[in-house]
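Coordinates in review
Residue strings, one per chain:
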Amino acid sequence: MLKNKKALVTGGTRGIGKAIVFDLAANGCNVIFTYHSSEEAAKSIEKESEKFGIKIIGFKADASKFIDTEKSIQFILEKLGNLDILVNNAGITKDNLILRMTEEDFDTVISANLKSVFNYSKLAIKPMMKQRYGRIINISSVVALIGNPGQANYVASKAGVIGLTKSLAREFASRNITVNAVAPGYVSTDMTKELNEVQKEAIVSQIPLKRIAEPVDIAKVVTFLASPSADYITGQVIAVDGGMTM
Ligand code: NAD
């Protein structure tokens, strides 16, 4: 489905990002993924990639730093020649009620989750414009649609991602660059591992499909949006949440 396409996925060493890297690769796409710190995890993903018979390469870069973003885009262009698909997945949480939330925790989350999307999209769009083809997929969250107490910084960042998605979709539609967002509900990853059983049961009780998502549930929708099946979709936010926010 994505044979000979070239993708860049941010934050690809674990959780949803890792599932996206492998699902794109399983569909024939060459992938460069970025990682923040875990060199060991990056090497193990590169090794696992041998089974797909195509290139999956890690690159160390902090998505919130513009200079690192420039280096990652240069790296993919040098290694793979062009860039067709950008998946802005890297993200963090620093939860607290707003009265206890520090300015630093607000700024750090906005930089990692929202500014990172600006950084990568701005730089990826240049080569995409040249080839008059590009697919940008941003990972937002359902909390951007409904709010969440204790996550004002995270929710603001993910709502910002939706605004950025729609504006870029309008700016670049004429160049055949589509920009969409995926808004996952609760997904079983390191980000949600702190939830205890009682909290998990409370969450599941609000999900019509009666389960927390697995990373691959999100990855499959990303692959769909990157594929020719989604050529006429842009500026959309697709909630992948088991029906939670319908
Ligand atoms: P995770 O914590 O398992 O993985 C996040 C990845 O992003 C890690 O590999 C981390 O190293 C990387 N990362 C964080 N900051 C970075 C930075 N500045 N530069 C480069 N890489 C960085 O989390 P996950 O659950 O896999 O989350 C992936 C995305 O999905 C995030 O954007 C998250 O906000 C979003 N999301 C997750 C859930 C959930 O329930 N898990 C729900 C909705 C949205």
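Coordinates for the structure precede this section.
The structure contained in this document is the topic of the report that follows.

Calculation notes
Residues numbered from 1 in each chain as written. Predicted model: local features only at pLDDT ≥ 70, side-chain atom pairs only at ≥ 80, totals over all residues. Heavy atoms only, no water. Near = heavy atom within 4 Å. Polar contact = N/O pair within 3.5 Å; in protein donor to acceptor, adjacent residues only side chain to side chain. Helix = DSSP H or I, 4+ residues; strand = E, 2+ residues; numbered from the N terminus. Nonpolar A, V, L, I, M, F, W, Y, C, P; charged D, E, K, R; others polar. Phe/Tyr/Trp six-rings, centres within 6.5 Å; stacked < 30°, edge-to-face > 60°. Buried < 20%, exposed > 50% of the residue type's maximum accessible area, 1.4 Å probe, protein only. Lys NZ or Arg CZ within 6 Å of the ring centre and 35° of its normal. Core = buried A, V, L, I, M, F, W, Y, C linked by side-chain atoms within 4.5 Å. Contact = heavy atoms within 4.5 Å. Expected span 1.5 Å × (residues − 1). Salt bridge = Lys/Arg side-chain N within 4 Å of Asp/Glu carboxyl O.

1. Section: the site of the ligand
Inspection of the region around the ligand gives 27 residues, with Arg 14, Asn 89, Tyr 154, Val 187 and Thr 189 positioned closest. A distance of 2.7 Å is found between an oxygen atom of the ligand and a side-chain nitrogen or oxygen belonging to Arg 14. Contacts to the ligand include Asp 62, whose side-chain N or O atom sits 2.9 Å from a nitrogen atom. For the shell around the ligand, the elements supplying multiple residues, two or more each, are α1 (15–26) and α6 (152–172). Class assignment for the residues of the shell around the ligand results in eleven nonpolar, twelve polar and four charged.

2. Observations regarding the packing of aromatic side chains
Applying the stated criterion across every chain, the model contains three aromatic pairs. Here the aromatic rings of Phe 33 and Tyr 35 are separated by 6.4 Å at their centres, their planes lie at 45 degrees, and the arrangement is tilted. Comparing Phe 33 with Tyr 35 shows no difference in burial state: the two are buried. In this arrangement the basic side chain of Lys 5 is found over the ring face of Tyr 133, its NZ or CZ atom lying 4.6 Å from the centre. Taking NZ or CZ as reference, Lys 51 lies 5.5 Å from the ring centre of Phe 22, over its face.

3. Some words on the nonpolar core
Counting residues in hydrophobic clusters, the biggest one holds 32 residues, and the most contacted among them are Ile 20, Leu 24 and Val 182. Sort the elements by how many residues they give to this core and α1 lands first, with seven residues. Residues within four places of Val 182 in sequence aside, it is in contact with Ile 137, Asn 138, Ile 139, Ser 140, Ser 141, Ile 218, Val 221, Val 222, Leu 225, Ile 238 and Val 240. If you look at the next biggest cluster of nonpolar residues, it comprises 27 residues, including Leu 8, Ile 73, Ile 76 and Ile 177.

4. Quick word on the side chain of Ser 64
On the secondary structure map, Ser 64 appears in the loop between β3 (56–60) and α3 (66–80). For Ser 64, a relative accessible area of 18% gives the class buried. Here Asp 62 takes part through its side chain, which lies 2.7 Å from a polar atom of the side chain of Ser 64. When residues no more than four places from it in sequence are discounted, the contact partners of Ser 64 are Ser 111, Ala 112, Lys 115, Ser 116 and Asn 119.

5. Concerning helix α8 (residues 215–226)
The end-to-end C-alpha separation of α8 is 17 Å, in line with the 16 Å expected for twelve residues at 1.5 Å each. Listed as buried for α8 are Pro 215, Ile 218, Ala 219, Val 221, Val 222, Thr 223, Leu 225 and Ala 226. If you follow the buried residues of α8, they end up packed against α1, β4 (85–88), β5 (134–139), β6 (177–184) and β7 (237–240).

6. Notes on α3
Taking 1.5 Å of rise per residue, the 15 residues of α3 would be expected to cover 21 Å, and the 21 Å separating its terminal C-alpha atoms lies within 8% of that figure. The inward-facing, buried residues of α3 contact β1 (6–9), β2 (30–35), β3 and α4 (103–131). Gly 81 lies just past α3 and shows a positive phi near 95 degrees.

7. Some thoughts on the pattern of salt bridges
Inspection of the entire model under this criterion finds seven salt bridges. A salt bridge links Arg 14 to Asp 190; the nearest nitrogen and oxygen atoms lie 3.4 Å apart. You can see Arg 14 sitting in the loop between β1 and α1 and its partner Asp 190 sitting in the loop between β6 and α7 (197–205), a full 176 residues away along the chain. A residue is classified by how much of its surface remains accessible, and Asp 190, at 38% relative accessible area, is partly exposed. We note a salt bridge from Glu 46 to Lys 43, for which the minimum N-O separation is 3.5 Å. Taken as a pair, Glu 46 and Lys 43 lie in helix α2 (residues 39–48) at a separation of three residues, close to a single helical turn. Judged by relative accessible area, which is 47%, Lys 43 ranks as partly exposed.

8. Some thoughts on the environment of Asn 96
Checked against the element boundaries, Asn 96 lands in the loop between β4 and α4. Using a relative accessible area of 26% as the deciding quantity, one classes Asn 96 as partly exposed. Setting aside its immediate chain neighbours within four residues, Asn 96 contacts Met 101, Gly 150 and Gln 151.

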